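Spelled out from the first residue to the last, the chains are:
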Amino acid sequence: MMLTALGLMSGTSLDGVDVALIETDGRRISALGPSGYRPYTEAERILLRQALAEAVHLPRRDARPGALAEAERVVTVAHAEAVAAFKTQHRITPEDIDIVGFHGQTVLHRPEKRLTVQIGDGVALAKAIHIPVMHDFRAADVAAGGQGAPFVPVYHRALAQSLERDGPIVVVNIGGVSNITYIDGHETLIACDTGPGNALLDDFMFRIMHQPFDTEGRLAAQGRPDQAWIARALQLPFFKLRPPKSLDRNDFASLRLGEMKAEDGAATLTAFTAAAIARVIPLLPKVPKSWIVAGGGARNLTMMRMLRERLAPARVDAADALGWATDAIEAQAFGFLAARGLKGLPLSYPATTGVPVPMTGGVIARS
């Protein structure tokens, strides 16, 4: 039975809340509906950055000390407002939607400690929007010894089924962290985080230029990457680990560029993201024939140019060029995952998160 699911995603880049409608039975996608976006205000971003800093010392996943309690309230309200605006714009009633998939905002991801924390109150959201909400997707996987990320691969596979091209195909999502899904036919599904996505670059732009991100990669296009710095950064142990593996947004925050011009700094961090993605190729069963790039990084023209250089001779497409909605893919994915969760289907697998056996997940909050 097909379900109408509304997916909500607030990524590690802290830009805002993505909303997307999808019709699915949790296996196939029958239709992709409209999508929407509710940006975080500057004050909300400042609060979320504070919450990220304070979350480093969280002793357990339900603790909300300091700024975290207010940040959770703000995240929940922002998502409720995003849903309300989306319903009004598209003349959708609560009865039109079977389930909402609510990822929340990740503030800490430490799977080695069996700890992953996404703030956002699923029960409060369900009451506010009057629709059942599935939330807390990652907890069961991490509790069972999985990495708890990435969680989008099953959706990438469903999307890739509609493409008529030879595999292996890799779908890359460049958000705050970059992750890949390696697809080779219907059986082989491998996934992992590859390294920094936009997080280091966004933090650099915020710190140096007082801008949230490098629009279209314009600043980086004017600079020259420090290849020696990139080579040293790629020596970090993470890059030698085989999939599955995952990261916290701030795992590379301790890397320091040193003295360089702003454009060279942006170019170096952009090139580092591209190099880290290419670094995964030797760890895959076969060299991919094509790559599909989604997430905010797909809008960074300098990032896309650097990826094409690193991944040649493979074909590299932005997801939008295939008719996929780049900005909505992760929100769509959590609608898809909510439908799968309702049906008890697996959300994660040994080759995607390292969980011992295929795992379903998610907790349902009723309105």
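This is a predicted model, so every value here is computed, not measured.

Trainee: Would you mind going over the packing of aromatic side chains in detail, with residue names and values included?
Mentor: Inspection of the entire model under this criterion finds 8 aromatic pairs. Ring plane angle 85° and centroid distance 6.2 Å describe the contact between Phe 238 and Phe 252, whose orientation is recorded as edge-to-face. A residue pair is termed long-range when its members are at least 10 positions apart, and Phe 238 in the loop between α8 (227–233) and α9 (262–278) and Phe 252 in the loop between α8 and α9 qualify at 14 residues. Three or more aromatic residues joined by ring pairs make a cluster, and in this case those are Trp 229, Phe 238, Phe 239, Phe 252 and Phe 272.

Trainee: Account for empty space enclosed by the protein, with residues named and values stated.
Mentor: Considering all chains together, one arrives at 1 cavity of 30 Å³ or more under this definition. There is about 30 Å³ of room inside the largest cavity. Considering the residues around the largest cavity, the lining is formed by Thr 194, Phe 239, Lys 245, Ala 276, Arg 279, Val 280 and Leu 283. Of the residues belonging to the lining of the largest cavity, the class tally is 4 nonpolar, 1 polar and 2 charged.

Trainee: Could you give me a rundown of the sheet that holds strand β8 (residues 177–184), with the residues and numbers involved?
Mentor: The strand order across the open sheet formed by 5 strands is β9-β8-β7-β10-β11, and the pairing between neighbours is mixed. Looking at strand neighbours, the two that pair on one side only are β9 (188–196) and β11 (315–318), the edges of this open sheet. Going from strand to strand, the sheet's axes swing by 20° on average, the running direction of each strand aside. Strand direction decides the pairing type here: strand β7 (residues 169–174) and β8, joined by 6 bridges, are antiparallel. Opposite Val 172, over in β8, you have Ile 180 as the bridge partner. Packed onto the sheet, helix α10 (residues 301–311) meets β7, β10 (290–294) and β11 and runs at close to 160° relative to β11.

Trainee: Explain the environment of Val 355 to me, and be specific about the residues and the numbers.
Mentor: Following the sequence through the fold, Val 355 ends up in the loop between α11 (329–342) and β12 (363–365). With relative accessibility at 1%, the residue Val 355 sits in the buried group. Each C-alpha atom, one on Val 355 and one on Ala 144, is 6.4 Å from the other, the two residues being 211 residues apart in sequence. Those residues within four positions of Val 355 in sequence are excluded, and the remaining contacts are Asp 141, Ala 144, Gly 146, Ser 348, Tyr 349 and Pro 350.

Trainee: Account for the environment of Gln 161, naming residues and giving values.
Mentor: Its place among the elements puts Gln 161 in the loop between α5 (153–160) and β7. Residues Gln 161 and Leu 234 lie 73 residues apart in sequence; the distance between their C-alpha atoms is 33 Å.

Trainee: Tell me what's going on with the layout of surface pockets, and back it up with residues and numbers.
Mentor: Taken as a whole, the second largest pocket holds about 360 Å³ of empty space. In terms of lining residues, the second largest pocket is bounded by 18 residues, among which Phe 204, Arg 207, Leu 255, Arg 256 and Leu 257 are the most central. Those elements that provide at least two residues to the lining of the second largest pocket are α6 (199–208) and α9. Counting residues per element, the lining of the second largest pocket draws most heavily on α6, which supplies 6 residues. Its residues placed into classes, the lining of the second largest pocket shows 11 nonpolar, 2 polar and 5 charged.

Calculation criteria
Residues numbered from 1 in each chain as written. Predicted model: local features only at pLDDT ≥ 70, side-chain atom pairs only at ≥ 80, totals over all residues. Heavy atoms only, no water. Phe/Tyr/Trp six-rings, centres within 6.5 Å; stacked < 30°, edge-to-face > 60°. Helix = DSSP H or I, 4+ residues; strand = E, 2+ residues; numbered from the N terminus. 1 Å grid on protein atoms, 1.4 Å probe; cavity = no way out; pocket = protein on both sides within 12 Å on 5 of 7 lines; lining within 4 Å. Points joined across faces, edges and corners; volume = space filled by probe spheres on them. Nonpolar A, V, L, I, M, F, W, Y, C, P; charged D, E, K, R; others polar. Pairing = 2+ DSSP bridges. Axes fitted to C-alpha atoms, helices over the stretch in contact; angles between N-to-C directions. Contact = heavy atoms within 4.5 Å. Buried < 20%, exposed > 50% of the residue type's maximum accessible area, 1.4 Å probe, protein only.

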